[in-house]
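What the coordinates show
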Amino acid sequence: MLFKSVACFFVFANVLAEELILDIPNLDHIFENLSKNEWDADEVPCRDKIFNILENVKNSTLWATWVWNSIDQSPTGIFFGARYHLGSYDQCLRPPWLATHPELRTQYCLAEIEMNKDGVKTMEEVSDPYVRAEDYYLDTKTHFGRSFSYIAHGVCLPAGCPSKSAVKFVQALMSTGYLRAARGAAVSIHHCEEAAAPREYSTGYYVFVYTFATLLFIAVASTYYVSEYPVTASSNSFANHVAKSFCLRRNWNTVFKSDKDELPCLHGIRFLTAIFIAFSHCLAMSQGTSVSNAIDFDRMGTDRPVMAIATTHFDVIVDTFFSLSGLLVGKSLATLDIIKHYSLMKNIMKRYIRLGVLLAVTVFYLAHMSKHTDDGPVYPKIAFYEQQMCEKNWLPAILMVGNYYNALEMCHPATWYIPCDFHMYVMTLVLLYVYRKNSRIGTAAAAIVLVISFIMPVITIYVYDLPAILAFNIGTEVNIRPSSTFRNFYIKTHNRMGPYAIGLAAGYLMSIYKPKDYRKVWSKTVSFLGTYVSLNLMLVILVLGHLCFVYRVHGWLACIFAAFERNLFAVAVLGVVIFCTYGQVPLINQFLSWSVFAPLSRLSYGLYVIHLVLLYQTSSLRDHMKYHLFQSLIYSLGLVVVSLLLSLMVWLLAEAPLVNITNPYLNTKGSAKEKVEISRNGAHQNDTSKQKSL
């Protein structure tokens, strides 16, 4: 009797164990779906390995359960904007037995799932809780272009599985979920990454590393030589000139050097503008990649008016740089020596070196270094794509034509500002050169350019039927190139000339009425009133831009807004500069003229160019980020600090040495007898021509 009881117990335990092993409906369903698929001959080894994983998961074998546990079984949070469901990238690719059991090697694949194959979206957000769920996540798009039908899903598969096998696995996995539309979704594999795959470094990678090491060595050696052997270094040989050009102490001091003719308030405006742009790009990048509570960001556009106004039309802030750049160029027009054609070319070359060195460094870094600096489930999708664009189109970027040539594949899109600024500087010098040769032709040419600068934005908006403003579209993720507004309007020089021309006019007036001779000529009342009007004009433009975004303004209203908004914003910015310079605006002027801003302002160009390169590293994320204003602010400040440090490093090792080396050969400043003057009608006259006119 005891023997029968023991035997029955073991039989019952065995049956129960078999039930526990086999009763995993999710795995059985996946196994069944995969079995129904037709597998090509090259897919059979992958299929067998997947079946082996599923069987061993049922048996609770560690290596198989390890693989299965690294996969998100079903996407969560998509109704609130979560797009990326990445699983555990590191768990998939870095198991502890990787070196001892190579037969268990795996690969991580990122699948892109589009549940709405037709791509038809409605703009109304669903508010009725009793409608079908598909009406929400298939047919809804927010004002920011956010849809809910797209999913990026990470899966862990045996190494060597082709993409078509990964597609079948993802389809089988989605068929077990509760999202009905996911069962027949369009699935594609963006990329797969094998565990312990050897890395191949390009020639460009080694060139970048060795160039950096060489420049660092030369800079340190030159600093030591100039400091320890000042007498020898004081001779005028070319070697000593190069050594002094690379001297770190000298180049460090130029960052903190002040100029008696500079406008102190410009430092604060320039640096704060760069910070605001970095913060806006940080928000845009995080929203375009993966945020678990993305709907909170969209609701900010309606629930928080201040943040909504700042974020929907932040792109107009860039015109601050154009107006200030034009202002500084306009101040120097009277003293520029471009009577001879080679002087014109020298000035252009000086500007190219100032703008081009940092641009070349970032473009070369993106093309050859960025793909080796990090990894992650989304890194190939974002950072590798940027690397491919720069590897393919680095030459147009370096030649300052990237905003016109093949803009759909533009390298480092955030640098569109640089060729625009360079084009307008060259155009200004050419017009000035023509004007000094023949004032009538020069005046006529300048008038034509002014008219073009005013009407081209209107024509572009009308011809392409573009919206009034460029609002970041979450639907394009972080790749803004496909946006017609960005390619055809936003980055084109001919649509950006207005603020620059206004800055030129203000700078020219400042060269006549020199600030050092006209300090505090306006009373506090006039100064405060002018500053108040200027600041409110900026606010009005931002508010109108927000309204254009909310109501999707197109047509003639968009044309009218585009014709005036950037020019008026430039007038407002320059109004603050003028009233702080010639008037008495104690608190605002003292803050903007704070001495701390001076070195930071000189590095703000590097901050603008470098910060987005660092933002691409965001794509190395392993999980969803969270939108939180304070957290974004802290992240942005860290981004600003690192960008400033890298900007300083590039200045010390590359920019400043090249500027110092080329300055003697590109110097266009004449002697005191040859200094140019501007007559009352603006025509150029030297001493001889003035005597003839008398």
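Everything quoted here is computed from the prediction, not taken from an experiment. (Residues numbered from 1 in each chain as written. Predicted model: local features only at pLDDT ≥ 70, side-chain atom pairs only at ≥ 80, totals over all residues. Heavy atoms only, no water.)

**Structural notes on the state of the cysteines**
The term disulfide refers to a covalent linkage connecting the sulfur atoms of a pair of cysteines. By the definition in use, this model includes 4 disulfides. Between the sulfur of Cys46 and that of Cys161 lies a disulfide, 1.9 Å long from S to S. Every disulfide takes its handedness from the sign of the S-S torsion; for Cys46 and Cys161 that torsion is 100°, giving right-handed. Note that Cys46 is positioned in helix α3 (residues 44–58) and Cys161 in the loop between β3 (150–158) and α7 (163–174), a separation of 115 residues in sequence. The exposure class assigned to Cys161 is buried, which follows from its relative accessible area of 5%. In this model Cys109 forms its disulfide with Cys192; the gap between the sulfur atoms is 2.0 Å. Residues Cys109 and Cys192 are joined through a disulfide that is right-handed, its torsion about the S-S bond being 110°. Pair noted here: Cys109 is in strand β2 (residues 106–114) and Cys192 is in strand β4 (residues 186–194), with a separation of 83 residues, a long-range link. On the basis of relative accessible area, Cys109 is assigned to the buried category, the value being 0%. Under the relative-accessibility criterion, Cys192 is labelled partly exposed at 32%. Numbered by order of appearance in the sequence, the disulfide-linked cysteines of the protein chain pair as 1-5, 2-4, 3-6, 7-8. (Disulfide = S-S within 2.5 Å. Helix = DSSP H or I, 4+ residues; strand = E, 2+ residues; numbered from the N terminus. Buried < 20%, exposed > 50% of the residue type's maximum accessible area, 1.4 Å probe, protein only.)

**A word on the packing of aromatic side chains**
Going through the model one piece at a time under the given rule, you end up with 34 aromatic pairs. An angle of 20° between the planes, with centres 5.6 Å apart, marks the rings of Phe79 and Tyr137 as stacked. Here Phe79, found in the loop between α4 (62–69) and β1 (84–85), pairs with Tyr137, found in helix α6 (residues 133–137); they are 58 residues apart in sequence, far enough to count as distant. Under the relative-accessibility criterion, Phe79 is labelled partly exposed at 37%. Judged by its relative accessible area of 1%, Tyr137 is buried. With a centroid separation of 5.7 Å and 65° between ring planes, the pair formed by Tyr417 and Tyr608 is classed as edge-to-face. (Phe/Tyr/Trp six-rings, centres within 6.5 Å; stacked < 30°, edge-to-face > 60°.)

**Examining the side chain of Ser620**
Looking at the element boundaries, Ser620 is found in the loop between α26 (604–615) and α27 (629–666). Taking the relative accessible area as the measure of exposure, Ser620 reaches 15% and is therefore buried. Polar side-chain contacts of Ser620 include one of 3.3 Å to the side chain of Asp374. If sequence neighbours within four positions are ignored, Ser620 has contacts with Asp374, Asp375, Gly376 and Tyr379. (Polar contact = N/O pair within 3.5 Å; in protein donor to acceptor, adjacent residues only side chain to side chain. Contact = heavy atoms within 4.5 Å.)

**Focus on the packing of helix α18 (residues 417–437) against helix α21 (residues 497–512)**
Following both chains from N to C, one finds α18 and α21 inclined at 50°, their axes separated by 11 Å at the closest point. As far as their axial angle goes, α21 and α18 are oblique. Crossing geometry of α18 relative to α21 is assigned as right-handed. Of α21, the residues touching α18 (which contributes Asp421, Met424, Tyr425, Met427 and Thr428) are Met497, Tyr500 and Leu504. The residue makeup of the contact of α18 with α21, split by class, is 6 nonpolar, 1 polar and 1 charged. (Axes fitted to C-alpha atoms, helices over the stretch in contact; angles between N-to-C directions. Parallel < 35°, antiparallel > 145°, perpendicular 65-115°, else oblique. Left-handed = near helix turned anticlockwise from the far one by under 90°. Nonpolar A, V, L, I, M, F, W, Y, C, P; charged D, E, K, R; others polar.)

**Digging into unusual backbone geometry**
Non-glycine residue Ser60 carries a positive phi angle of around 60°. Mapped onto the elements of the fold, Ser60 is located in the loop between α3 and α4. Positive phi outside glycine occurs at Asn406, with the angle close to 50°. Here Asn406 is to be found in the loop between α17 (379–398) and α18. Overall, Asn406 belongs to the partly exposed group, its relative accessible area being 29%.

**Side note on helix α15 (residues 319–332)**
Its 14 residues give α15 an end-to-end C-alpha distance of 20 Å, which sits within 8% of 20 Å, the value for a rise of 1.5 Å per residue. Inspection of α15 places Asp319, Thr320, Phe321, Phe322, Ser323, Leu324, Ser325, Gly326, Leu327, Val329 and Gly330 among the buried residues, and these make up the whole buried set. (Expected span 1.5 Å × (residues − 1).)

**Thoughts on the pattern of salt bridges**
With the rule as written, the count across this model stands at 24 salt bridges. Note that Arg622 is salt-bridged to Asp90, the shortest N-O span being 2.9 Å. With Arg622 in the loop between α26 and α27 and Asp90 in helix α5 (residues 89–93), this pair connects stretches of sequence that are 532 residues apart. When its relative accessible area of 27% is taken as the criterion, Arg622 is described as partly exposed. The salt bridge involving Asp375 is made with Arg622; its shortest N-O contact spans 2.9 Å. (Salt bridge = Lys/Arg side-chain N within 4 Å of Asp/Glu carboxyl O.)

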